[in-house]
Every structure is written in structure tokens, then in C-alpha cells.
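An overview of the molecular structure
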Amino acid sequence: MSDYSVTLSTTEPNNYVGLIKLRQGDVASQSIQATITANGQLFKFDRLSVFFNAVLPNGNVIRDKVTKVDYVNSKLNYVVADSFLQEVAQVTAWFSFENDEKIIDSTKNFQYSVIAGWKECIPQGNYIYELSEIQREIEEIIGNKDFTSLISKIDSLSTELVYLNSKVDFLGQQKADKAEIDAKLDSITSGAPNGVFANIEALNTKYPNGATGIMLVTSDGHWYWWSSVSQKWEDGGFYQATTDNFKTRSATIASRYKLNINTQLGQIEFPNTGFVSVEDGYLQYTIDDQNKVPIKYTEDSFLFFDTIAKQFKVLKGISQALNSDLKLGWIFQTSQQFHLNAEYTIDGYEVSKGGIPFISRRGRLLSTNPIIIKRITKELVFPAKTVIRILSEDKFIDISNSVGGTKLDLSERNAHYIFFNASSNKIETYPDISGKGLNLLPLGYINFGANFACDLDANFIVDSYTPQAKFCDKVATIIGDSTVNGDNGKGSTSNSWSWVAYIKYLCGFNTVTNLGVNGSRVAVSENKTDSLVERYNQIKEQDFIGVLGGVNDFINNIPLGELLMPNSAFDTTTFYGAYQSIVEGIRKENPNAKLLLITPMKVNNARANSFLPNTIGKKQSDYVNAIKEIGEMYGVRVYDLYSNCGFSPFLESDSLYTADKLHPTELGYKLIADSICSEINMM
């Protein structure tokens, strides 16, 4: 049995694993024995399922569960399945660590090589050609002296090489020399070239004494093979005879995570983690981490991949491409239209292949004081000394300086579509929505006709009318821990960037009170007097109340207790008992208030891990489920921030949203504010 012992890291790029060669047909006899590290230390992945993943040359991703796992010593032993050996090629692979089908972490990529064995290229099963069919195809190939069809057939040919050699008598009767054919068949191990060269001189310089496999020369579009008889590189004709160069053929950027087109910086950005490769159905080029640099564009252009230099490049026209270039898509900067042969986002927003315009999204106009719509003079008035922001999904844009204290004249016509222009940072109006580019974000619609109509997503007043928002004259209080108080996980705390600060504008409340305290627990505990159950009696005569807590109870091993019937004598030193006391107490003092219970976000740091039990054997999900059960018992709405906050402390790529893997950053608070406020607005 062939065993390959390697060390793989979840944090360090370019794992050096040595040369791993796996032979086709050697079933259950080849294994990868891996020790997993993170930041130079053993990576702990207790209770997580482990999977072996690989990207085949055709772009398909396959995976298999690893059953031999040594959690104590952070070791894996995976016997490579036959499905990972489908084609003779270099394959990109990684191990992933998962919980309930959610990927918690993964190793950096490594490569292994599949070499030919007693059976080759069997992606679709063990199909065996009939003898007469083998004879007919070989005779046709030799008669024409054109091996192009052999190249296209060889990936699907599943007959053993011994079987082919037994038919060599057929070859001897043909025009071609038997020794030359044997040498050619020995040279070809798969239909894909083992190298690409600008001209035959470059090929001879690199391999003066020959090499295994076929080589592609882009100057003439031909493929070459090394003849052991003539001791030179022989011309095999056009590679993929339907085309004489690469630039007429499109390729795809395959990646584990999506690329991003940044229209503000004018560049195409690669994900920080995960594999990236360029594939055209025949060749695969893996992009190393050091080559994942942003691709700049400044005008209407085409994106190509240079197969010689192994680099991306942007050209003004297809005619500028070399024969060795693969076409990946186009970028029309002036009309803000994009098409990449890849999975990608535009400015961080999800889009389908081919891109979608900015017009398909809807924005919100946020202001601390109501915007005034004047029907008589047909004006939109933006108050001075007012914070005015645009919210589009999870992004805030402050336009106070450019818009505050100004008026938008709407007297030209009755019907107006209101847009935010991201290029000028201004509010603009148009008579329709057709033909608008990526820089325009729709905010709503106003019609000053006989039947006045307004659909503007904003805090506004029509003449002297009260604001449309249902919470405009309401007061709210949020009680909770540091996630309410505004701890940014970087040593600073401020109510001003907490998600609570945003609900005043997103929901239209008149006033919002923040009762967050860092480190506050739901239940009573020794040497502390700031638990939620000891502070909720401050909340009186409110229209809306939110409760967020529980992560500190999980971290500090507060006992769960048990769910009791309403109006029982609750033990407030337990999580169930304290939370039930809070709900009943708030309802008693605020009988007309809307109440929302919010589960805590996940944690993954030195203090705790959401998926691992604390010292009393409870996981964070046990505390989260307790909140859901209490909400169900009392008929109170529960928002599951644990599952829906929009980012994960288990992903390094999400460090922008959580610095210490417990508290949100300022940007993280903006993200969860939108999701929580969407829930509030549905109440």
C-alpha cells in the first residue's frame, strides 16, 4: 500500500506536500495521511465531520467522507477512492471540516498527480470497445496519418493497453511504420497537452531529449510528440482540428468562492481563499495565491488568460490577442455592462452570470429628520443639519454634505422615479426606469397627479402630514450585552456604531434607548449585578422592546435549568428561569409593547467555540434553542441571529465583520442592523 504522509494547514498558503502520485486502478491501496495545523499549531476540529474534496480537470468537484480521524492528534487517514482517479492529470484537492453540512474551515489547496495504471480514464464506467470497432478506428487513424481523432478518443478509451498491443498486427499491415506507432502511443498518456510553447524552438530548448505526453506549439497550432525512433519532436497536426488557435475559444474561471467586479476601483478581484483555475475543457491552469492580484481595467475591454505567461491580461480588442490566449469575457465600462465566464459579484452584490444592472436593486433613504414632500410647489426638501444616508443592502453611503439643506425641483412633470446617483452622490429624478446604469439606485416613486401617490422608502412628511412609517411616533428600548452596547471587538465600545443606533432610521422610531452592558448575562451569577434579569425592570411604557443575550451565559457555564409553565416560581440563576422571568416581567410592565427576542451570534475564540460544549456539557445551540422554546411558549416573536447574522466567526474571510470572532465590527453592526430591522418592520 502506498502511503503519503503530509502536513496541511488551514492558515498557511502553498502547502509543500512533496510529489503525490496516485495510480489508476490501485483501489483501496493508496492513502493520504495528513496532520492538520493552523498558525503553526495543531488544528483542533473535535466533533466536526471531515471530507476529502477535489476539482477534476473537467471542472467537476467531487468529495468523499473521511472515516479514519484521530481528533486527539489532529490526524487524518484517507484511502483515495477510484472516483478521484478518473483522468491522468494534476488534480487540486483539499480537506474540509464541516458541521451539519456547513463548512467550518478547510485546508489550503494541494495537488496530486494521477498516473496511468491497468485501467485508465473511466469517468463514466467500464465500457469496453468491441474488437471490430477497435480495428476499424485504428485502421482509419493510420490510413489518414492524422492522429487528431485519436486525441479526442483517448480520454474515453477504457481498454487496457495490453489489449491494444495484442492488436498491433493490424498496425503492421498499414502504411505507417509499426515502431513509429508504438512510440507514439507510448508518448501519449492523455488527450491534454503536458505543455504549451510559443514555437518549436522553445520546445526543443526545454526538452532536447524528449518528454512524455504531447506538447502544444501555439505558433502553428499543432501538437507534437517525441519519437523514440527518430529521436525528435514529430508534428501531430492541428490540436483540436476545428480551431487553429486559442483566442477563438472561450475558457472559464473556476473558483471555490466568487470573484468580484469592483466598479469604483475599476478592477476584478479574486477571493482571498479557495482554489482558482482557468479551464477550457481540455486544459486546466491553477492560479497560485501570489498571482491572485486584482486585474485593473480602465475602458471597454476584453479579458484573456495568457497560457504561456500564466497571467491574466486586459485587451482593447480580440485582434490583439495571441494564439495562446484564452478568452474569459468582456467589460464595457462606459455602459457598465459585464460578462465574465465565472461566478462573480458586482460591488459585493450577488448577480447571475452575465451580470445584472444596479436598477434591479432597491435602496433606502435614511434621515434623522423627516424629508418634506411639498405637493403645491412640487419639491422634495432635505432638512439642513440632518444626517442623511443611503442604504443599499448592507452598504451605507453618507450624503449629508451633498444633499442636506437642498431642494429637489419636481415641477417639470407629475410622475417621478427617484434615484440615488452613486457617481455624483446626489438624488436625481427620471420619468421612467428603463436604460439606467449600474450607478443609479432606485429609491421610490412620486406622482403629483390628481390622485397623489408616493412610494418612497424613506422617513418623510407630505406637507404637514405625519411620517408614513408605523413606528414614527413610537419609543423603543433594547436590553442586552456587549453586542447591544456596541463593543467592536477591537478594544472600543460605543452606542453610536451599535446596530441599535441604526433602527431609529431604518424603522422610524422617535427615540431608541440602548440598555446594553458589556459582559451582561441573562441569569443571576456571583459577583455580578448587571444581568438582564436584574435590569429589565428599567423598561416601562415602551412601544417596542428587544432582548438580546445568552452568549455570556454559554461562555460562563450558566446552568440551563428547565422550561416551566407560565407564572411559576422561576430560578433566576438558571438560563430558562431568568429568561422566563424577563419575558413575563416585560409583558406585565409594557402590555401594549411589541416584544422581539433575539438569539446571540456564534463565537469562535479562546474563550469558547459555538460547536463545542462548555464545562457543563452544553453547546451554544442549547441556549439558542431555549430562547426559541420560550418564545413559542409565550407567543413572542424570535429572530434567530445565531443562524442569520450574515457572517461567520469561523471564516477568516469574514474578519472584516468580526475582529475577535465574538463581537461585530462597525461594518458587522451595519450588516446585522439591516437584518434585525427587516424583522422589526414585519411586526
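First things first, this report covers the structure right here in the doc. Worth saying up front: this structure is predicted, and the values here are computed from it rather than measured.

Regarding its fold elements, the protein presents 15 helices and 43 strands. Expressed as a percentage of its 683 residues, the buried residues of the protein come to 51%. Restricting the contact set of the protein to residue pairs at least 6 apart, pairs at least 24 apart contribute 62%. Accessible area for the protein stands at about 31,000 Å²; split by element, carbon and sulfur atoms hold 48% of it.

Attention now goes to the packing of aromatic side chains. Following the criterion strictly, the structure yields 21 aromatic pairs and no others. With 6.2 Å between their ring centres and 20 degrees between their planes, phenylalanine 95 and phenylalanine 110 make a pair best called stacked. One end of the pair, phenylalanine 95, is in strand E9 (residues 90–99); the other, phenylalanine 110, is in strand E11 (residues 110–115), and 15 residues separate them in sequence. Given the relative accessible area of 0%, phenylalanine 95 is considered buried. With a centroid separation of 5.6 Å and 40 degrees between ring planes, the pair formed by phenylalanine 509 and phenylalanine 544 is classed as tilted. Taken together, the residues span a long stretch of sequence, with phenylalanine 509 in the loop between helix H9 (499–507) and strand E40 (511–516) and phenylalanine 544 in strand E41 (residues 544–548) at a distance of 35 residues.

Moving on, we get to the side chain of serine 113. Examined against the element boundaries, serine 113 turns out to sit in strand E11. Residue serine 113 is classed as buried on the basis of its relative accessible area, which comes to 18%. When neighbours within four sequence positions are excluded, serine 113 is seen to be in contact with Ile20, Lys21, Leu22, Ala89 and Gln90.

A word on the pairing of strand E42 (residues 594–598). Side-chain direction in a regular strand flips from residue to residue, so the side chains alternate between the two faces of the sheet. Counting buried positions along E42 gives four out of five residues, so the element sits mostly inside the fold. Pairing geometry for E41 and E42, over five bridges, is parallel. In the sheet register, valine 547 faces E42, and the bridge partner there is leucine 597. Bridge analysis of E42 against strand E43 (residues 637–639) gives three bridges, and the strand direction is parallel. Note on E43: the bridge partner recorded for leucine 597 is valine 638.

Given a rise of 1.5 Å per residue, 15 residues ought to cover 21 Å, and the 21 Å separating the end C-alpha atoms of helix H12 (residues 575–589) matches this to within 8%. Counted residue by residue, H12 has 11 buried out of 15 residues, so it is predominantly covered. Those residues of H12 lying buried are Phe575, Tyr576, Gly577, Ala578, Tyr579, Gln580, Ser581, Ile582, Val583, Gly585 and Ile586. If you follow the buried residues of H12, they end up packed against helix H10 (532–535), E41, helix H11 (551–555), E42 and helix H13 (620–634).

Turning to the pairing of strand E35 (residues 426–430), a few remarks are in order. Of the pairings in the sheet, the one linking strand E34 (residues 415–421) to E35 comprises five bridges and is antiparallel in character. Across the sheet, residue tyrosine 417 finds its bridge partner in E35, namely tyrosine 430. From the end of E34 to the start of E35, which pair antiparallel, there are four residues, and asparagine 425 there has a positive phi angle of about 65 degrees.

Further remarks concern unusual backbone geometry. Most peptide bonds adopt trans geometry, and most residues besides glycine take a negative phi value. Positioned with a positive phi, asparagine 527 is a non-glycine residue whose angle comes to about 65 degrees. The residue asparagine 527 is located in the loop between E40 and H10 in this model. Phi is positive for asparagine 567, close to 65 degrees, though the residue is something other than glycine. Position of asparagine 567 among the secondary structure elements: in the loop between H11 and H12.

The five strands are arranged E40-E39-E41-E42-E43 in an open sheet whose pairing can be described as parallel. Bordering the open sheet on either side are E40 and E43, each of which pairs with just one other strand. In this sheet, neighbouring strand axes are inclined to one another by 20 degrees on average, regardless of whether the strands run parallel or antiparallel. Those strands touched by H12 are E41 and E42, and its axis lies near 165 degrees from that of E42. The sheet strands contacting helix H15 (residues 666–681) are E41, E42 and E43, and the helix crosses E43 at an angle near 165 degrees.

Of note, asparagine 514 is situated in strand E40. Polar side-chain contacts of asparagine 514 include one of 2.8 Å to the backbone oxygen of valine 484. Of the polar contacts made by the side chain of asparagine 514, one reaches the backbone nitrogen of glycine 516; its length is 2.8 Å. Once you skip the residues sitting within four places of it in the chain, asparagine 514 turns out to touch Ile478, Val484, Asn485, Asn495, Ser498 and Val500.

Mapping leucine 515 onto the fold places it in strand E40. Leucine 515 has contacts with Thr477, Ile478, Ile479, Gly480, Arg535, Gln538 and Ile539, leaving out every residue within four places of it along the chain.

For the pair H12 and H13, interaxial distance at closest approach is 10 Å and the crossing angle is 35 degrees. You can see that H12 and H13 cross each other, and the crossing is right-handed. Contacts between H12 and H13 involve Phe575, Tyr576, Tyr579, Gln580, Val583, Glu584 and Arg587 from the first element and Tyr623, Ala626, Ile627, Glu629, Ile630, Met633 and Tyr634 from the second. Per-class residue counts for the contact of H12 with H13 are 10 nonpolar, one polar and three charged.

Under the counting rule described, the total for this entry stands at 10 salt bridges. Of the charged contacts, one joins lysine 313 and aspartate 325 as a salt bridge, the two residues approaching to 2.8 Å between their closest N and O atoms. With lysine 313 in strand E23 (residues 311–315) and aspartate 325 in strand E24 (residues 325–332), this pair connects stretches of sequence that are 12 residues apart. Accessibility expressed as a relative area gives 0% for aspartate 325, which makes it buried. In this structure, lysine 661 engages glutamate 652 in a salt bridge whose closest nitrogen and oxygen atoms are separated by 2.7 Å. Residue classification places lysine 661 among the partly exposed residues on the basis of a relative accessible area of 23%. Residue glutamate 652 is classed as partly exposed on the basis of its relative accessible area, which comes to 45%. Each of the salt bridges in this network shares a partner with another, and the network as a whole consists of Asp306, Lys313 and Asp325.

Reading guide: rules and limits
Residues numbered from 1 in each chain as written. Predicted model: local features only at pLDDT ≥ 70, side-chain atom pairs only at ≥ 80, totals over all residues. Heavy atoms only, no water. Helix = DSSP H or I, 4+ residues; strand = E, 2+ residues; numbered from the N terminus. Buried < 20%, exposed > 50% of the residue type's maximum accessible area, 1.4 Å probe, protein only. Contact = heavy atoms within 4.5 Å. Areas by Shrake-Rupley, 256 points an atom, 1.4 Å probe, with all protein chains shown as cover. Phe/Tyr/Trp six-rings, centres within 6.5 Å; stacked < 30°, edge-to-face > 60°. Pairing = 2+ DSSP bridges. Expected span 1.5 Å × (residues − 1). Axes fitted to C-alpha atoms, helices over the stretch in contact; angles between N-to-C directions. Polar contact = N/O pair within 3.5 Å; in protein donor to acceptor, adjacent residues only side chain to side chain. Left-handed = near helix turned anticlockwise from the far one by under 90°. Nonpolar A, V, L, I, M, F, W, Y, C, P; charged D, E, K, R; others polar. Salt bridge = Lys/Arg side-chain N within 4 Å of Asp/Glu carboxyl O.

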